[in-house]
Amino acid sequence: MATYAIGDLQGCADALERLLSLLGFDERHDRLWLVGDLVNRGPESLRTLRRVKALGPAASVVLGNHDLHLLALAAGVKRAGSADTLSEILDAPDAVELIDWLRRRPLAHSAKVEGESFLMVHAGVLPQWSVEDALSRAAEVETVLSGQDWRVFMADLYGDQPNRWDNALEGHDRLRLIVNSFTRLRFCSAEGVLDLKTKEGAEHAPLGYLPWFDIPKRRADGSTILFGHWSTLGLVNRPRLIGLDTGCVWGGALTAIRLENRALAQVACPQYRAPG
Ligand SMILES: [Mn+2]
């Protein structure tokens, strides 16, 4: 049995199949961890979503910002942008099942693999949060998103404020900051103020900000954190940190890492260009 973590798919179903073949992945024995952003921008979001859902308990998935965007479109609280490639999902005969499955995925996933503790999120973990804090805050959102009133929650999800964690935050402000931290974070200050504007690599940190994982005395550093979302950062493979977004949909590569021994596997991906 092997446990493989794979970076942002963004609808690149062909790359996923090629990578699974390269790994010799066997869903009866092996496990797949996916860092989120299963869909959007790429060519085959519907095929990708169906494939991952069909893996059942063999796949552990956390939600990314593009997955949430799909949920917002399905909830009718946002309109598709020109670069979105999600209409085939919304128009599919199994759209309801796919959306209901997706909104029941977590924001954070933790497990031990051969004695090592791993925590998987899409983008980042605020430096003020321990692993236990992160899991309990993720659970607050998961309860709402998997419940009856998830569309109401989606309608109030978007925005960049508040931009700093405070345990006294309540209601949708609290949930919005939790979601932004897990699914959009790249840079923050030592005090935990989020910068949600800068999308370039680590050398482009705004003054007073650092990549979230380089903030000194980060409280969740007892677990190895797996994340994606940051394609301009490229592959990160440090003692307690693994970043897996290697820009598959942008003509980069799709990367897998075997958690038992950190063996890497990659397939090259053609840059997707939308027709027309
Ligand atoms: Mn993302």
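Residues numbered from 1 in each chain as written. Predicted model: local features only at pLDDT ≥ 70, side-chain atom pairs only at ≥ 80, totals over all residues. Heavy atoms only, no water.

1. Regarding the sheet that holds strand S10 (residues 236-238)
Across the sheet, which stays open at both edges, the five strands sit in the order S4-S5-S9-S11-S10 with mixed pairing between neighbours. Each edge of the open sheet carries a strand with a single partner, namely strand S4 (108-113) and S10. The mean angle between the axes of side-by-side strands here comes to 15°, regardless of whether they run parallel or antiparallel. Of the pairings in the sheet, the one linking strand S5 (residues 116-121) to strand S9 (residues 224-227) comprises three bridges and is parallel in character. Within S9, the residue paired with Leu 119 across the bridge is Ile 225. Strands in contact with helix H6 (residues 131-145) are S4 and S5; relative to S4, the strand with the most contacts, it is inclined by about 135°. (Pairing = 2+ DSSP bridges. Helix = DSSP H or I, 4+ residues; strand = E, 2+ residues; numbered from the N terminus. Axes fitted to C-alpha atoms, helices over the stretch in contact; angles between N-to-C directions. Contact = heavy atoms within 4.5 Å.)

2. With respect to the pairing of strand S2 (residues 31-34)
Here strand S1 (residues 3-6) pairs with S2 via four bridges, running parallel. Bridging from a neighbouring strand, Ala 5 pairs with Trp 33 of S2. Handedness of the S1-helix H1 (residues 13-23)-S2 crossover: right-handed. Sheet topology note: the S2/strand S3 (residues 59-61) ladder contains three bridges and is parallel. (Right-handed = clockwise from strand over helix to strand, strands pointing away.)

3. Section: the state of the cysteines
Covalent bonding between the sulfur atoms of two cysteines is what defines a disulfide. On inspection of all chains with the given rule, the structure shows zero disulfides. Sulfur of Cys 12: no disulfide; nearest cysteine sulfur belongs to Cys 248 and is 3.6 Å away. The exposure class assigned to Cys 12 is buried, which follows from its relative accessible area of 8%. Cys 248 provides the cysteine sulfur closest to Cys 269, a residue in no disulfide bond, and the two sulfurs are 3.0 Å apart. (Disulfide = S-S within 2.5 Å. Buried < 20%, exposed > 50% of the residue type's maximum accessible area, 1.4 Å probe, protein only.)

4. Thoughts on the nonpolar core
Ile 6, Leu 38 and Leu 254 are the most contacted members of the largest nonpolar core, which has 80 residues in total. Core analysis: the second largest hydrophobic core is formed by twelve residues, Trp 33, Val 35, Phe 118 and Leu 259 among them. (Core = buried A, V, L, I, M, F, W, Y, C linked by side-chain atoms within 4.5 Å.)

5. A few points about the coordination of the manganese ion
Ligation of the manganese ion by protein atoms is provided by Asp 37 (OD), Asn 65 (OD1), His 122 (NE2) and His 229 (ND1), these donors lying 2.1 to 2.2 Å from the ion. Each donor residue of the manganese ion belongs to the same chain, with the gaps between them written as D-x27-N-x56-H-x106-H. Of this pair, Asp 37 sits in the loop between S2 and helix H2 (45-54) while His 122 sits in the loop between S5 and H6, and the two are 85 residues apart along the sequence. Residue Asp 37 shares its accessibility class with His 122, and that shared class is buried. (Donors = N, O, S within 2.8 Å, 3.2 Å for Na, K, Ca; no water.)

6. Considering unusual backbone geometry
Gln 161 connects to Pro 162 through a cis peptide bond whose omega is -5°. Tracing the sequence through the fold places Pro 162 in the loop between helix H7 (150-155) and helix H8 (171-183). The phi dihedral of Gln 10 falls on the positive side, at around 45°, and the residue is not glycine. For Gln 10, a relative accessible area of 6% translates into the label buried.

7. A word on the environment of Ile 89
Counting through the fold element by element, Ile 89 comes out in helix H4 (residues 87-90). Among the residues examined, Ile 89 registers a relative accessible area of 0% and is labelled buried. Beyond its immediate sequence surroundings of up to four residues, Ile 89 is in contact with Val 39, Ser 45, Leu 46, Leu 49, Leu 70, Ala 95 and Leu 98.

8. A short note on the layout of surface pockets
The calculated volume of the largest pocket comes to roughly 590 Å³. Around the largest pocket, the lining comprises 25 residues; the ones closest to its centre are Asn 65, His 66, Arg 186, Lys 199 and His 229. Elements supplying a minimum of two residues to the lining of the largest pocket: helix H3 (65-75) and H8. In terms of residue count, the dominant contributor to the lining of the largest pocket is H3 (four residues). Residue composition of the lining of the largest pocket, grouped by class: seven nonpolar, nine polar and nine charged. (1 Å grid on protein atoms, 1.4 Å probe; cavity = no way out; pocket = protein on both sides within 12 Å on 5 of 7 lines; lining within 4 Å. Points joined across faces, edges and corners; volume = space filled by probe spheres on them. Nonpolar A, V, L, I, M, F, W, Y, C, P; charged D, E, K, R; others polar.)

9. Re the sheet that holds S3
Here we have five strands laid out as an open sheet, ordered S3-S2-S1-S12-S13, and mixed in their pairing. Looking at strand neighbours, the two that pair on one side only are S3 and strand S13 (263-268), the edges of this open sheet. On average, each strand axis in the sheet is inclined to that of its neighbour by 20°, with strand direction left out of account. In this sheet, S13 lies alongside strand S12 (residues 253-258) in antiparallel orientation, the contact comprising six bridges. From the neighbouring strand, Arg 258 faces S13, where its bridge partner is Ala 263. The strands that H1 touches are S1, S2, S12 and S13; relative to S13, the one it contacts most, it runs at about 140°.

None of this, on its own, says anything about what the molecule does.
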